[in-house]
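Here is how the chains run, residue by residue.
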Amino acid sequence: MARRTDLILTALAPAIWGSTYIVTTELLPDGYPMMVAMLRALPAGLLLLVVTRSLPCGIWLARSFLLGALNFSVFWWLLFVAAYRLPGGVAATVGAVQPLVVLYLSKLLLDQGIRPAAVIAGIGGLLGVGLLVLTPGAALDWVGLLAALGGAISMAFGTVLTRRWQPPVPALTFTAWQLTAGGLLLLPVAFLVEPALPPLDTAAVFGFVWLGLIGGAATYFLWFRGIARLDPATVAPLGLLSPVAATLLGLAILGQTLSAVQTAGMLLVLASVWFAQRAQLHAAAPVATRA
């Protein structure tokens, strides 16, 4: 029962991340990717620091900045590069390789075995996302493709190292450290490469608050909590729920339609996520029995 609760709470994070596209395109000013990323991370991180009243020191200061870069600064930077140079479907499909990368990084850095069923689930999820979001006329751009792949690898490393380096503080404090570090790394880039934001209307303010407090602080707390309680190979496939949630929001809010192929892709994604959880549960069972 505890594992099921942890899975549900962790899955809420990518489900809410699925709202990022619609909030960004419908509520925020266009053309400020680094500023949006910084404002998503830094205010939320600083607010959590006020709540937790704890700062990293020693080795945890360096680790917080490295993890903040991998999970936020580099990941979001490459994500926006891919979004600008590729159709959204192509970027999402390339990004769906992340669970497979996490499997092999977990083997390398955490000495966790790779079950064939988990690999099959990862490939199924990749194909499902492709069916769900790719369009027949999607154009390819090598810079965009490399950025999308680099973003997936960056967050995969961040996910695995977050599990490898578990600090002597609660998950909320660890989230505060990483968000703040990632936001600080984005701060000079945002002001150097982008113009000042225009005056914000009520909708834009709501969008920034949503992305920062809900899409940033709350969801990454759930994500890092899940990594600590479960393991990266279990948590990573849940990220495939993000394009599913984005598609459902498009149906509900923007009046978009879903083709038979997209429906099949969505079902394949959901089946792959379920299959991945079963594979990891069976992989953990012998360990639990010996304990």
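Structure's up top.
Let me sum up the structure you'll find in this document.

Each value, and the rule that gives it
- Residues numbered from 1 in each chain as written.
- Predicted model: local features only at pLDDT ≥ 70, side-chain atom pairs only at ≥ 80, totals over all residues.
- Heavy atoms only, no water.
- Helix = DSSP H or I, 4+ residues; strand = E, 2+ residues; numbered from the N terminus.
- Buried < 20%, exposed > 50% of the residue type's maximum accessible area, 1.4 Å probe, protein only.
- Contact = heavy atoms within 4.5 Å.
- Areas by Shrake-Rupley, 256 points an atom, 1.4 Å probe, with all protein chains shown as cover.
- Lys, Arg positive; Asp, Glu negative; His and termini not counted.
- Charge placed at Lys NZ, Arg CZ, Asp CG, Glu CD.
- Expected span 1.5 Å × (residues − 1).
- Bend = angle between axes of the 7 residues up to and from the residue.
- Phe/Tyr/Trp six-rings, centres within 6.5 Å; stacked < 30°, edge-to-face > 60°.
- Lys NZ or Arg CZ within 6 Å of the ring centre and 35° of its normal.
- Core = buried A, V, L, I, M, F, W, Y, C linked by side-chain atoms within 4.5 Å.

With that out of the way, let us pick up the overall build of the protein chain. Each helix and strand counted, the protein chain has 13 helices and 0 strands in total. Seen in sequence order, the protein chain has helices and strands lined up from the N terminus as α-α-α-α-α-α-α-α-α-α-α-α-α. Considering only C-alpha atoms, the protein chain reaches an extent of 60 × 50 × 35 Å along its principal axes. Put simply, the protein chain has 291 residues, and 48% of those count as buried. Considering only residue pairs separated by 6 or more positions, the protein chain has 90% of its internal contacts joining residues 24 or more positions apart. As displayed, the protein chain has an accessible area near 13,600 Å², and 72% of this comes from carbon and sulfur atoms. The positive charge centre, built from 14 side chains, and the negative charge centre, built from 8, are 19 Å apart in the protein chain.

Moving on to helix α4 (residues 59–85). Counted at 1.5 Å a residue, the expected span for α4 with its 27 residues is 39 Å, and the 37 Å between its end C-alpha atoms agrees. The largest bend along α4 measures about 50 degrees and falls at Ala-69.

It is worth spelling out the packing of aromatic side chains at this point. Going through the model one piece at a time under the given rule, you end up with 9 aromatic pairs. Measuring from ring centre to ring centre gives 6.3 Å for Phe-174 and Trp-177, while their planes differ by 90 degrees; the resulting arrangement is edge-to-face. Here the residue Phe-174 and the residue Trp-177 both occupy positions in helix α9 (residues 171–193), the gap between them amounting to 3 residues, near one helical turn. Note on Phe-174: relative accessible area 2%, which makes it buried. The exposure class assigned to Trp-177 is buried, which follows from its relative accessible area of 5%. Members of the aromatic cluster, each reached through a chain of ring pairs, are Trp-17, Phe-72, Trp-76, Tyr-220, Trp-223 and Phe-224. Across the ring face of Trp-60, the terminal group of Arg-63 is positioned such that the distance to the ring centre comes to 4.9 Å.

With the exception of glycine, most residues fall at negative phi, and the peptide bonds are largely trans. The backbone phi angle of Arg-53 is positive, close to 55 degrees, even though this residue is not glycine. With respect to the element layout, Arg-53 can be found in the loop between α3 (33–52) and α4. You can call Arg-53 exposed: its relative accessible area is 76%. With a phi angle near 55 degrees, Asp-111 is a residue other than glycine that sits in the positive phi range.

Turning our attention to the side chain of Thr-173. Its place among the elements puts Thr-173 in helix α9. Residues contacting Thr-173, with those up to four places away along its chain left out, are Thr-52 and Ser-54.

Ranked by size, the top nonpolar core spans 55 residues in total, and within it Trp-76, Leu-179, Tyr-220, Trp-223 and Leu-238 carry the most contacts. Examining the composition of this core, we find that 10 residues originate from one element, α3, more than from any other. Apart from the residues within four sequence positions on either side, Trp-76 is in contact with Met-34, Ala-37, Arg-40, Ala-41, Leu-186 and Tyr-220.

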